[in-house]
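Here are the chains, one letter per residue:
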Amino acid sequence: MKQQKKQLRLGAFLQDVGHHIGAWRHPDAPLNAGMNLEHFKLLARRAEAAKFDMIFLGDQMTFQYGEDEHIGRTTRTVNFEPLTLLSALAMITEKIGLVATASTSYNEPFNVARKFASLDHISGGRSGWNVVTSWTLGEALNFNRDEVMEHGLRYQRAQEFVEVVQGLWDSWEDDALLNDKSTGHFFDPRKLHVLDHQGRFFKVRGPLNISRSVQGQPVLVQAGSSSDGQDLAARSAEVIFTAQRSLTDAQAFYRGVKEKMAAYGRHPDRLKIMPGVFPIIGESEAHAREKFEQLQSWVDPEIGWPVLARHLGGIDLSSYPVDGPLPELPLTQGNQSRQGLLVDFARRENLTIRQLYWHVTGTRGHWAIFGTAAQIADQLEERFTGGGADGFNIMAPWLPGGLLEFIDQVVPELRRRGLFRHEYAGATLRENLGLARPANRYADRAPGGAS
Ligand SMILES: Cc1cc2nc3c(=O)[nH]c(=O)nc-3n(C[C@H](O)[C@H](O)[C@H](O)COP(=O)(O)O)c2cc1C
């Protein structure tokens with residue numbers, strides 16, 4: 001029998017009206033897309049019909065850009081709360097994974113454990129938590145702080161946070177609930193476990209008041225790429241979202257993270273690396289670039305400065321000569337991997353500040369690819385078969401059109417090449433991603449054992 005080629009994974013990273021900041025002015029853009037339930041229902045249904053592994057909703061609990069006089073010219077200001085939205089989308093979908101961001105800096109582990117376990121029950125085993133440590137000042141100011149927590153410290157907190165959440169998810173063994181009406185036993189107390197966690201950042205007794213979820217534990221996703229972020233992923237994550245632009249950087253990142261997993265006794269297949277990719281599809285490469293330029297033309301140039309500052313970790317370059325090179329920049333407490341990526345990109349391509357900001361405004365520094373459906377598929381295939389990715393998080397520049405074009409044109413091309421599924425492999429997100437259902441840590445202990 002012919003052996004099936006390794007299959008790539010696909011996520012649809014849904015950002016209100018698309019990832020391009022000018023997309024809201026596209027003639028086909030729905031109005032107020034970030035708060036438009038019908039818009040998200042359409043996207044979720046279409047992604048599911050195309051057999052995507054997941055939809056993903058990123059989140060920041062603040063406006064995405066500063067509040068200067070130009071703020072009224074961007075839509076990155078109003079959005080649904082992602083878990084509430086995913087709960088609604090769970091009701092109109094059956095197979096597709098439902099993944100959302102929740103911050104470890106501005107939540108308590110008990111709340112996060114409870115919400116994602118609930119979503120796992122509601123959706124029949126399709127929930128995933130994207131762990132982020134949050135790097136924006138706006139969020140710090142909304143959560144009792146005057147500045148962003150130091151980078152290393154927030155990752156230490158994240159590590160303990162994840163351990164507590166995973167501990168709480170094991171509160172109930174799979175067969176703890178008896179539901180025995182005749183004897184009057186609702187559950188077996190020997191199969192309920194109290195976490196009793198006391199650590200540096202958290203003191204959490206447990207148990208969780210949500211029974212063991214369909215996937216055992218919701219899928220753990222992680223989206224930080226600094227050295228601390230990679231450590232967290234290597235230790236705990238099952239999917240990682242990342243943002244390398246070149247094949248060689250992607251290969252180095254892929255190898256590095258998978259090698260790190262060995263130190264934690266984990267097999268490399270237990271983590272799927274899914275870079276974000278920003279595809280623009282045209283009848284030719286030139287046509288795709290024209291489409292991009294059209295989107296760029298809808299951006300207020302003044303929005304470029306706060307966007308660039310944000311992705312450089314809060315450094316404002318507006319006082320430097322705009323046609324000069326990027327100055328030396330200190331490493332900030334913000335998004336370190338994106339800052340490094342942009343500085344490398346500017347140096348490698350010899351970009352002026354104007355050229356860099358022009359690019360960042362459009363793509364936020366993500367890997368952008370232009371061309372016909374076949375050319376897009378070529379680039380994805382090269383990165384996938386070349387050891388740079390296990391799949392991709394599709395960041396459509398505008399919605400719904402950019403995602404629908406990808407579904408209608410690129411997905412069939414990937415299928416023709418034997419790289420993407422025709423049908424879902426299973427019913428849960430784990431089954432579709434090829435991830436094992438984790439055993440409950442208490443399951444092999446003798447009944448009544450220490451809890
Ligand atoms: C595809 C993708 C999705 C992300 N989604 C979010 C998000 O929803 N919220 C957020 O605060 N950060 C998000 N990030 C940023 C990361 O959480 C992280 O802050 C960033 O990669 C910097 O991490 P580092 O400081 O470890 O380098 C995302 C990154 C990528 C590549």
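Residues numbered from 1 in each chain as written. Predicted model: local features only at pLDDT ≥ 70, side-chain atom pairs only at ≥ 80, totals over all residues. Heavy atoms only, no water.

Peer 1: It is not clear to me how the overall build of the chain should be interpreted in this structure. Could you clarify?
Peer 2: Per the secondary structure count, the chain includes 14 helices and 13 strands. In terms of C-alpha radius of gyration, the chain reaches 22 Å, essentially the compact-globule figure of 22 Å for 451 residues. If you line up the chain on its principal axes, its C-alpha atoms span 75 × 55 × 45 Å. Taken over 451 residues, the chain has a buried fraction of 58%. Across the chain, the fraction of contacts at a sequence separation of at least 24, relative to all contacts at a separation of at least 6, is 77%. (Helix = DSSP H or I, 4+ residues; strand = E, 2+ residues; numbered from the N terminus. Rg over C-alpha atoms; globule rule 2.2 N^0.38 Å. Buried < 20%, exposed > 50% of the residue type's maximum accessible area, 1.4 Å probe, protein only. Contact = heavy atoms within 4.5 Å.)

Peer 1: Just checking my understanding: could you explain the pattern of salt bridges for this structure?
Peer 2: For side chains of opposite charge, pairing can occur when their charged atoms come near one another. This model, assessed by the stated rule, comprises 24 salt bridges. Here R212 ties to D174 by a salt bridge, and the two come within 3.1 Å at their closest N and O atoms. With R212 in the loop between β8 (203-204) and β9 (219-222) and D174 in the loop between α5 (151-169) and β5 (177-180), this residue pair connects regions lying 38 residues apart in the sequence. Owing to a relative accessible area of 46%, D174 belongs among the partly exposed residues under this scheme. Between K258 and D390 there is a salt bridge, with the nearest N and O atoms lying 2.9 Å from each other. With K258 in helix α7 (residues 247-263) and D390 in the loop between α12 (373-385) and β13 (391-394), the pair connects residues that are 132 residues apart, well separated along the chain. Of the two residues examined, K258 and D390, each falls in the buried class. (Salt bridge = Lys/Arg side-chain N within 4 Å of Asp/Glu carboxyl O.)

Peer 1: Honestly, the nonpolar core in this entry has me stumped. Any pointers?
Peer 2: Counting 67 residues, the largest nonpolar core has F52, W129 and F406 as the members making the most contacts within it. For this core, the element with the most residues is α5, which contributes 8 residues. When residues no more than four places from it in sequence are discounted, the contact partners of W129 are A100, A102, T104, V112, F116, F161, V162, V165, W169, V219, L220 and V221. Counting residues in each nonpolar core, the second largest holds 22 residues, with V299, W305, V307 and Y357 among its members. (Core = buried A, V, L, I, M, F, W, Y, C linked by side-chain atoms within 4.5 Å.)

Peer 1: I would appreciate a short explanation of the site of the ligand in the present structure.
Peer 2: Every one of the 24 residues lining the ligand counts as a neighbour, but H151, Y155, S226, N335 and S337 are closest to it. Within the contact set of the ligand, an oxygen atom lies 2.8 Å away from a backbone nitrogen or oxygen of D59. Taking Y155, its side chain carries an N or O atom lying 2.6 Å from an oxygen atom of the ligand. Protein contacts shield 95% of the accessible area of the ligand, which totals 620 Å² for the unbound molecule. (Near = heavy atom within 4 Å. Polar contact = N/O pair within 3.5 Å; in protein donor to acceptor, adjacent residues only side chain to side chain. Areas by Shrake-Rupley, 256 points an atom, 1.4 Å probe, with all protein chains shown as cover.)

Peer 1: Looking at this structure, I do not really get the packing of helix α8 (residues 285-297) against helix α11 (residues 353-363). What am I missing?
Peer 2: Packed helix pairs are characterised by how far apart their axes lie and by the angle those axes make with each other. In contact at an axis separation of 10 Å, α8 and α11 are set at 95 degrees when each is read in the N-to-C sense. It follows that α8 is roughly perpendicular to α11 by the angle criterion. In this structure, α8 uses F292, E293 and Q296 to contact α11, whose residues at the interface are W358, G362 and T363. Of the residues contributing to the contact of α8 with α11, the split by class is 2 nonpolar, 3 polar and 1 charged. (Axes fitted to C-alpha atoms, helices over the stretch in contact; angles between N-to-C directions. Parallel < 35°, antiparallel > 145°, perpendicular 65-115°, else oblique. Nonpolar A, V, L, I, M, F, W, Y, C, P; charged D, E, K, R; others polar.)

Peer 1: What is the right way to read the packing of helix α3 (residues 109-123) against α5 from this model?
Peer 2: Where α3 contacts α5, the two axes come as close as 9 Å, and the packing angle between them is 50 degrees. Classed by the angle they form, the pair α3 and α5 counts as oblique. Read as a crossing pair, α3 and α5 show a hand that is right-handed. For the pair α3 and α5, contact is made by P109, F110, V112, A113, F116 and A117 and by F161, V164, V165, L168 and W169, respectively. (Left-handed = near helix turned anticlockwise from the far one by under 90°.)

Peer 1: What's the story with the pairing of β5 in this structure? I'm lost.
Peer 2: Strand residues, when the strand is regular, have side chains that alternate between the two faces of the sheet. Both β5 and strand β6 (residues 185-187) contribute to a ladder of 2 bridges, which runs antiparallel. Among the inter-strand pairings, D180 is bridged to a residue of β6, identified as H185. Count of turn residues in the β5/β6 antiparallel hairpin: 4 residues, of which G184 carries a positive phi of about 85 degrees. (Pairing = 2+ DSSP bridges.)

Peer 1: Quick question: what am I supposed to make of the UniProt feature "binding site: FMN" (unreviewed entry) in the chain here?
Peer 2: Sites flagged by UniProt as "binding site: FMN" (unreviewed entry) map to D59, T101, H151, Y155, S225 and S226. Checked against the element boundaries, T101 lands in strand β3 (residues 97-103). Structurally, H151 is set in helix α5. Given the relative accessible area of 5%, H151 is considered buried. Every residue in contact with H151, bar those within four places of it in the chain, is listed here: S226, D228, Q333, G334 and Q336. A distance of 3.5 Å separates the side chain of H151 from the side chain of S226, its partner in a polar contact. (UniProt positions renumbered as here; feature names shortened; annotations may be inferred.)

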